[in-house]
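Reading the structure
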Amino acid sequence: MGPKCIWTNARVVTGASGTDAETLEIAVEDGRITEVGPDLDRSGAEVVNCEGRLLTPAFIDCHTHLVFGGDRTTEFEMRLEGSSYEDIARAGGGIASSMRNTRQRDVETLVREALPRLDALLSEGVSTVEIKSGYGLSIEDELKMLRAARRLAEVRPVRIRTTWLAAHAMPPEFDGSKADYIAEVAIRGLELAHAEGLVDAVDAFCEGIAFSAEEIAPLFDTADALGLPVKLHTEQLSRSGGTALAAKHKALSVDHFEYAAEDEVAAIAASGTVAVLLPGAFYFLRETRLPPVAALRDAGVPMALATDCNPGTSPVSSLLLTMNMGAVLFRMTVAECLAGVTVNAARALGLTDAGQIAPGMSADFAIWNAGTVAQLVGRAGLNPLHIRVYKGEIQGV
């Protein structure tokens, strides 16, 4: 057992609901929160005085493509000149460009190049990052990406959740149908990744330029057979029809979701699925179709926010900025933005011991030089983090 520590004189936002801060003390032992209350027993405990600062659950980035090779800022210029996401993809850019660069790198290089992006997230109080494959598009290169993602948790104090996203795009050299690719690469590779202990969830890109729900269905059936939860990129660029498949499999999340209509909202409300909203991609692609936030709110669907950190359509490594964009672009409330990067983000990853300040939870929290949560959401370009705590240990000042 680790030594008992009492964090005192903190204005605590538990993350369970709302943004109200209450002066509380937090007891931590062996990396977990054991008590939360106004006057805890301090006998035999180390005491850390937070000096009246705001304390929230550590942030969780529940949708990233953090491991990749290369740079796609030329595509940013192309979009400024009028090219669409689909135009760039069909011309060999987009995911295919990242595939070529990722294949050229070994695990060590991918780790080294991902670290600045990961460090940027950690500097903003992040404890947990989901990382997808999807830029290898061959079995070995997809496995390589997940090995690099796992390695990041060995060189930084962070919880990494890995997601198999081989069904991201068709590699140009593949000689066969999309159904063949799903069977020969996505499913076969998933079985190998699972056997190696590399995968926590399975994702796919359901879109006209990627895969249909019918093509993805066998992959999700395999995930079910392996006991792995699923997630789905869907309804991003069009009403692609993936939501029904996600709901059928009780997916952890549907991600992007801009083109979702009433039927899709009702389906995920019934399946208990989280809607992961990604304002970075909306911003960088200069989209105009807003996700149905009001309908999600009315239906009681949990909404998460994530950076979608990737080399092309959302080169964002800041959850603080993402929260601001969630509020400004998507009309989310301050409370919804905080829940979106804490309790709902944890739910989108299937985590039951993170995202809240409560007994039994991992002692992951952030202490801020701020007075209110609105000061975290309502400003851009200022990082007020004072201390990041991961599993009860101070990680940075």
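The model shown is predicted, which means the values in this text are computed figures rather than measured ones.

What follows is about the nonpolar core. If you look at soluble globular proteins, the nonpolar side chains tend to sit buried side by side. Grouped together as the largest cluster of nonpolar side chains are 92 residues, with contacts concentrated most on Phe59 and Leu219. In terms of residue count, the dominant contributor to this core is helix α4 (residues 107-122) (eight residues). Each residue touching Leu219, except ones within four places of it in the same chain, is listed here: Ala167, Ile182, Ala186, Ile187, Leu190, Val202, Asp203 and Ala204. Listed in part, the 19 residues of the second largest apolar core include Ile26, Val28, Ala363 and Ile367.

Take the packing of α4 against helix α5 (residues 139-155) next. Any two packed helices are characterised by how steeply their axes cross, that is the angle between the axes, and by the distance between the axes. Contact pair α4 / α5: the axes reach a minimum separation of 9 Å and the direction vectors enclose 55 degrees. Taken together, the axis directions place α4 and α5 in an arrangement best described as oblique. Judged by the twist between their axes, the crossing of α4 over α5 is right-handed. Contacts from Val107, Glu108, Leu110, Val111, Ala114, Leu115 and Leu118 of α4 reach α5 at Lys144, Arg147, Ala148, Arg151, Leu152 and Val155. Of the residues assigned to the contact of α4 with α5, the class counts are nine nonpolar, no polar and four charged.

Checked against the element boundaries, Lys4 lands in the segment before β1 (5-12). One buried charged residue, Lys4, forms no salt bridge at all, with the nearest opposite charge on Glu35 at 4.5 Å. Within the local environment of Lys4, its side chain forms a polar contact with the backbone oxygen of Asp41, the two atoms lying 3.0 Å apart.

Here the UniProt feature "domain: Amidohydrolase-related" (unreviewed entry) sits at residues 55-370. Secondary structure content for residues 55-370 is 45% helix and 14% strand, and the end C-alpha separation is 9 Å.

With respect to the helices and strands, Asp200 occurs in the loop between α6 (178-195) and β9 (201-204). Counting along the chain gives 39 residues from Asp200 to Arg161, while the straight-line C-alpha distance between them is 6.2 Å. Once you skip the residues sitting within four places of it in the chain, Asp200 turns out to touch Arg150, Ile160, Arg161, Thr162, Leu228 and Pro229. At 3.1 Å, the side chain of Asp200 and the side chain of Arg150 are in polar contact. For Asp200, the side chain forms a polar contact with the main-chain nitrogen of Thr162, separated by 2.8 Å.

Once that is clear, we can look at the sheet that holds strand β8 (residues 159-167). A sheet is described by the order of its strands in space; here four strands give the open sequence β6-β7-β8-β9, paired in parallel fashion. Both outer strands of the open sheet, β6 (59-61) and β9, are each paired with one neighbouring strand and no more. Within this sheet the neighbouring strands show an average axis-to-axis angle of 20 degrees, counted without direction. Here helix α12 (residues 319-330) sits on the sheet and contacts β6 and β7 (126-132); the angle it forms with β6, its principal contact strand, is near 85 degrees.

With numbering matched to this structure, UniProt assigns "binding site: N-formimidoyl-L-glutamate" (unreviewed entry) to Tyr135, Asn310 and Gly312. In terms of the greatest pairwise C-alpha distance, the residues named above, spread along 178 residues, form a tight cluster of at most 11.8 Å across. In the annotated set above, the residues contributing to the lining of the largest cavity are Tyr135 and Asn310. Its place among the elements puts Tyr135 in the loop between β7 and α5. Structurally, Asn310 is set in the loop between β13 (303-305) and α12. When sequence neighbours within four positions are dropped, the list of residues in contact with Asn310 reads His65, Phe68, Tyr135 and Pro315. A distance of 2.8 Å separates a polar atom in the side chain of Asn310 from the backbone oxygen of Asp308.

The rules behind these values
Residues numbered from 1 in each chain as written. Predicted model: local features only at pLDDT ≥ 70, side-chain atom pairs only at ≥ 80, totals over all residues. Heavy atoms only, no water. Core = buried A, V, L, I, M, F, W, Y, C linked by side-chain atoms within 4.5 Å. Buried < 20%, exposed > 50% of the residue type's maximum accessible area, 1.4 Å probe, protein only. Helix = DSSP H or I, 4+ residues; strand = E, 2+ residues; numbered from the N terminus. Contact = heavy atoms within 4.5 Å. Axes fitted to C-alpha atoms, helices over the stretch in contact; angles between N-to-C directions. Parallel < 35°, antiparallel > 145°, perpendicular 65-115°, else oblique. Left-handed = near helix turned anticlockwise from the far one by under 90°. Nonpolar A, V, L, I, M, F, W, Y, C, P; charged D, E, K, R; others polar. Lys, Arg positive; Asp, Glu negative; His and termini not counted. Salt bridge = Lys/Arg side-chain N within 4 Å of Asp/Glu carboxyl O. Polar contact = N/O pair within 3.5 Å; in protein donor to acceptor, adjacent residues only side chain to side chain. UniProt positions renumbered as here; feature names shortened; annotations may be inferred. Pairing = 2+ DSSP bridges. 1 Å grid on protein atoms, 1.4 Å probe; cavity = no way out; pocket = protein on both sides within 12 Å on 5 of 7 lines; lining within 4 Å.

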